[in-house]
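For reference, the chains in residue letters:
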Amino acid sequence: MATVFKAITTEDGKGIFHLFPALCKGCGLCIEKCPVDTIGWAKQLGVFGTPVVESGHGKPCIACKKCELVCPDSAIWIEKKEE
Ligand code: SF4
Ligand code: SF4
């Protein structure tokens, strides 16, 4: 079902943070690894009934893509904003 893969998008700093709630299992690894601590828990729950993540909680995103790389479930896609 296509809607399952609809992303939740947050714009923050240099990055556009796309989170695929159908893939995020709420492990928190991306929160731990983000160098500017901008990732935090969103209020809504994902399909597994666990909290999902969003950006916009700390310093502005620097679009380093570390979160995208460490996520074991490929739930994050970082798009770099045009300068
Ligand atoms: S791209 Fe880098 S700075 Fe932006 S949310 Fe991911 S880990 Fe944090
Ligand atoms: S690392 Fe991936 S699965 Fe874990 S909380 Fe972050 S986005 Fe969700």
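Reading the values: the criteria
- Residues numbered from 1 in each chain as written.
- Chains lettered and ligands numbered in written order.
- Predicted model: local features only at pLDDT ≥ 70, side-chain atom pairs only at ≥ 80, totals over all residues.
- Helix = DSSP H or I, 4+ residues; strand = E, 2+ residues; numbered from the N terminus.
- Rg over C-alpha atoms; globule rule 2.2 N^0.38 Å.
- Buried ≥ 20, exposed ≤ 12 C-beta atoms within 10 Å, placed from the backbone.
- Contact = placed C-beta atoms within 7 Å.
- Near = placed C-beta within 6 Å.
- Nonpolar A, V, L, I, M, F, W, Y, C, P; charged D, E, K, R; others polar.
- Pairing = 2+ DSSP bridges.
- Axes fitted to C-alpha atoms, helices over the stretch in contact; angles between N-to-C directions.

Caption draft 1: Summary view of the overall build of the protein. Counting its regular elements, the protein contains two helices and five strands. Going from N to C terminus, the protein has its helices and strands arranged as β-β-α-β-β-α-β. Here the C-alpha radius of gyration of the protein, 12 Å, is about what a compact globule of 83 residues would show, namely 12 Å. Based on the C-alpha atoms only, the size of the protein along its principal axes is roughly 35 × 25 × 20 Å. Looking at the protein as a whole, 25% of its 83 residues qualify as buried. Intrachain contacts of the protein at a sequence separation of at least 6 include 57% that bridge at least 24 residues.

Caption draft 2: Spotlight on the site of ligand 2. Surrounding ligand 2, one finds Cys24, Lys25, Gly26, Cys27, Gly28, Leu29, Cys30, Val53, Cys71, Asp73, Ala75 and Ile76. A class-by-class count of the residues in the shell around ligand 2 yields eight nonpolar, two polar and two charged.

Caption draft 3: Layout of the sheet that holds strand β5 (residues 76-80). What the three strands build is an open sheet, ordered β1-β2-β5; its pairing is antiparallel. Strand pairing shows two members of the sheet lacking a second neighbour, β1 (8-12) and β5, which therefore form its edges. Pairwise comparison of adjacent strand axes, ignoring direction, gives a mean angle of 20° for this sheet. Note that strand β2 (residues 15-19) and β5 share five bridges and pair antiparallel. Paired with Phe17 across the bridge in β5 is Ile78.

Caption draft 4: Representation of the site of ligand 1 within the structure. Around ligand 1 sit 16 residues, and of these Cys34, Cys61, Cys64, Lys66 and Cys67 come closest. Here the residues of the shell around ligand 1 sort into eleven nonpolar, three polar and two charged.

Caption draft 5: View of the environment of Ala7. Inspection of the secondary structure assignment puts Ala7 in the segment before β1. Taking the C-alpha atoms as reference points, Ala7 and Glu83, separated by 76 residues in sequence, lie 23 Å from one another. Discounting chain neighbours no more than four positions away, the residues touching Ala7 are His18, Leu19 and Phe20.

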